[in-house]
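Per-entry structural report
Below, each chain spelled out in residue letters.
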Amino acid sequence: MKKHKEGFALASLLKECAKKKDIARGATIYSDIMNRGLLDNNPYLASSLINMFSRCGVLTHAKNVLKELTNPCVVAWNALVSGYSHHGLSHEAVHTFERMPNEGILPNGVSFICILKACGNIGDMKKGKEIHHKLRSRNLLDDDIVLGTALVDMYAKCRMLIKAHQVLEELRVRSAVTWNAIISRYIEQGQVYGAFNCFQQMQTEGISPNAVTFICILKACSLMGCIETGEKIQEEIVRRGMLLKEDNVMLGNTLVDMYVKCGAFTKAKKVLEELPMQNVVSWSVVMAGFAENKHCQEALDCLERMRIKGLEPDIVTFITILKVCGSIGAIKRGERIHEEIVASGLLLDNNNNNSNIVLGTALVDMYAKCGMLRKAWLVL
């Protein structure tokens, strides 16, 4: 009983390590577990350990933990398959999944969800169809929305949208999440009308769109330049009060981006000003829209408005404004921006190497366009 309680406490700590990707602490806990011989007596602890190593990207250690178990359960195997899939090692995920029956492990719903994701990621239609057949033979699709959604998404990722739609229609239970899976793939593959049709069909069935659905449809409006439809979507979003929720900032940003992509810059700025929840991404989207369409003063005005709102520019904002300064020869403004960038340490941030290169290039380009070739050279 005491060992069980200790195992549960350690599993909770491992979960926290996985969340924070704290591999150093996780490795210390692993040593403690091994020294006290707690691993084989607690399947939950073993799977938590495998999950911790997997989430931290140390998949060799995760695999070794599974090997050390005398009688690993399906949860432990799932943790490793999920880890491989999560880190884009889909072939390894498939290989591990295929080993399970040989080790006397019967895959469950979670196993199939993980492997369907892996099949979709690598476009393994053959294995995906094989999994679909197994799900049917075991009647696992009858009431499992998450599993059904994973199957739909697998076919859609493999560019089998007609098959994905067919599978969706055959599901006994489906939700907004299920529809979102196929709507998002229609948009990714440029089949915007298919996305609109799904959007209408789900509502006909009485399934209410959620924030993700509206984000997808606003993107479809952007691709088609359907500003009228976008305005109707905005009305529905506002009617539902969805922009008032803190976790729906991305929805507001997508709404603003839709107006920018449709060329309605004034409308985009107005919507942005009225958003209850704003962030630097929202403002950068509008600034970039103004800048790309030669409305340079409006872009600079947005920068000032953003500052008044208490928001600080990020790398994307600075790159946009440097382009504006170069376009209109605003060397004084460009130099002030350069000073800000240096003071913020963005050019020295080793965590953003690629972004640093783009930002540095934007600085060089700004000085060059303003005829300050010596300064451009010094930035290099």
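Model, not experiment: these values are computed from the prediction.

Let's talk about the overall build of the protein
- Broken down by element type, the protein carries 22 helices and zero strands.
- The principal-axis extent of the C-alpha atoms belonging to the protein is close to 70 × 55 × 35 Å.
- Taken over 380 residues, the protein has a buried fraction of 49%.
- Sequence separation of 24 or more characterises 60% of the internal contacts of the protein that already satisfy a separation of 6 or more.
- One way to put it: in the protein the 46 positive side-chain charges average out to a point 2 Å from where the 39 negative ones average out.

Some thoughts on the nonpolar core
- One finds Ile50, Ile182, Ile183, Leu251 and Val256 to be the most contacted residues of the largest nonpolar core, which totals 128 residues.
- In this view, Ile182 contacts Val152, Leu161, Ala164, His165, Leu168 and Cys198; residues no more than four positions away in its chain are not counted.

A look at the side chain of Ser282
- As for its position among the elements, Ser282 is in helix 17 (residues 280-292).
- Of the polar contacts made by the side chain of Ser282, one reaches the side chain of Asn279; its length is 3.0 Å.
- When sequence neighbours within four positions are dropped, the list of residues in contact with Ser282 reads Asn253, Val256 and Leu272.

Regarding the pattern of salt bridges
- Enumeration over the complete set of coordinates arrives at 22 salt bridges.
- The partner of Glu16 in a salt bridge is Lys20, with the nearest N and O atoms 3.7 Å apart. Taken together, the positions of Glu16 and Lys20, both in helix 1 (residues 2-20) and four residues apart, correspond to about one turn of that helix.
- For Lys20, a relative accessible area of 59% gives the class exposed.
- For Arg36, the salt bridge goes to Asp32, with nearest N and O atoms at 2.9 Å.

Digging into a nonpolar patch on the surface
- On the surface, Tyr193, Leu223 and Met224 cluster together into a nonpolar patch covering about 340 Å² of accessible area.
- Examined against the element boundaries, Leu223 turns out to sit in helix 13 (residues 211-224).

Structural notes on the packing of helix 19 (residues 315-328) against helix 20 (residues 331-344)
- The interhelical angle for the contact between helix 19 and helix 20, taken along N-to-C directions, is 160°, at an axis separation of 9 Å. Relative to helix 20, the element helix 19 lies roughly antiparallel. Between helix 19 and helix 20 the crossing geometry is left-handed. Of the residues in helix 20, those in contact with Phe318, Ile321, Leu322 and Cys325 of helix 19 are Arg333, Gly334, Ile337, Glu340 and Ile341.
- In the contact of helix 19 with helix 20, the residues fall into six nonpolar, one polar and two charged.

Section: the environment of Gly252
- Along the chain, Gly252 turns up in helix 15 (residues 249-261).
- Taking the C-alpha atoms as reference points, Gly252 and Ser327, separated by 75 residues in sequence, lie 29 Å from one another.
- Once you skip the residues sitting within four places of it in the chain, Gly252 turns out to touch Leu243 and Leu275.

Details of helix 13
- Over its 14 residues, helix 13 runs 20 Å from end to end, which matches the ideal 20 Å to within 8%, given 1.5 Å per residue.
- Of all 14 residues that make up helix 13, 10 are buried, and the element is covered over most of its length.
- Buried within helix 13 we find Ala211, Thr213, Phe214, Ile215, Cys216, Ile217, Leu218, Ala220, Cys221 and Ser222.
- On its buried face, helix 13 is in contact with helix 11 (176-188), helix 12 (192-204), helix 14 (227-239) and helix 15.
- Its side-chain oxygen at 3.2 Å from the backbone nitrogen of Val212, Asn210 defines the N-terminal cap of helix 13.

Looking at helix 17
- Its 13 residues give helix 17 an end-to-end C-alpha distance of 18 Å, which sits within 8% of 18 Å, the value for a rise of 1.5 Å per residue.
- Taking burial as the measure, the 13 residues of helix 17 include 10 buried ones, the bulk of the element.
- What helix 17 keeps buried is the set Val280, Ser282, Trp283, Ser284, Val285, Val286, Met287, Gly289, Phe290 and Ala291.
- Its side-chain oxygen 3.1 Å from the backbone nitrogen of Val281, Asn279 forms the N-cap of helix 17.
- Of the residues flanking the end of helix 17, it is Lys294, one or two places downstream, whose phi is positive at about 65°.

What about unusual backbone geometry?
- Of note, the phi angle at Lys21 is positive, near 55°, even though the residue is not glycine.
- You can see Lys21 is positioned in the loop between helix 1 and helix 2 (23-35).
- The phi dihedral of Asn139 is positive, around 55°, even though this residue is not glycine.
- Looking at the element boundaries, Asn139 is found in the loop between helix 8 (125-137) and helix 9 (145-157).

Section: the environment of Ala264
- If you trace the backbone, Ala264 turns up in the loop between helix 15 and helix 16 (265-274).
- Each C-alpha atom of the pair Ala264 and Gln203 lies 28 Å from the other, and the pair is 61 residues apart in sequence.
- Leaving out residues up to four positions away in the same chain, Ala264 has contacts with Ile227 and Tyr259.

Rules behind the numbers
Residues numbered from 1 in each chain as written. Predicted model: local features only at pLDDT ≥ 70, side-chain atom pairs only at ≥ 80, totals over all residues. Heavy atoms only, no water. Helix = DSSP H or I, 4+ residues; strand = E, 2+ residues; numbered from the N terminus. Buried < 20%, exposed > 50% of the residue type's maximum accessible area, 1.4 Å probe, protein only. Contact = heavy atoms within 4.5 Å. Lys, Arg positive; Asp, Glu negative; His and termini not counted. Charge placed at Lys NZ, Arg CZ, Asp CG, Glu CD. Core = buried A, V, L, I, M, F, W, Y, C linked by side-chain atoms within 4.5 Å. Polar contact = N/O pair within 3.5 Å; in protein donor to acceptor, adjacent residues only side chain to side chain. Salt bridge = Lys/Arg side-chain N within 4 Å of Asp/Glu carboxyl O. Patch = residues over 30% accessible without salt bridge, like charges linked within 9 Å, V, L, I, M, F, W, Y side chains within 5 Å. Areas by Shrake-Rupley, 256 points an atom, 1.4 Å probe, with all protein chains shown as cover. Axes fitted to C-alpha atoms, helices over the stretch in contact; angles between N-to-C directions. Parallel < 35°, antiparallel > 145°, perpendicular 65-115°, else oblique. Left-handed = near helix turned anticlockwise from the far one by under 90°. Nonpolar A, V, L, I, M, F, W, Y, C, P; charged D, E, K, R; others polar. Expected span 1.5 Å × (residues − 1).

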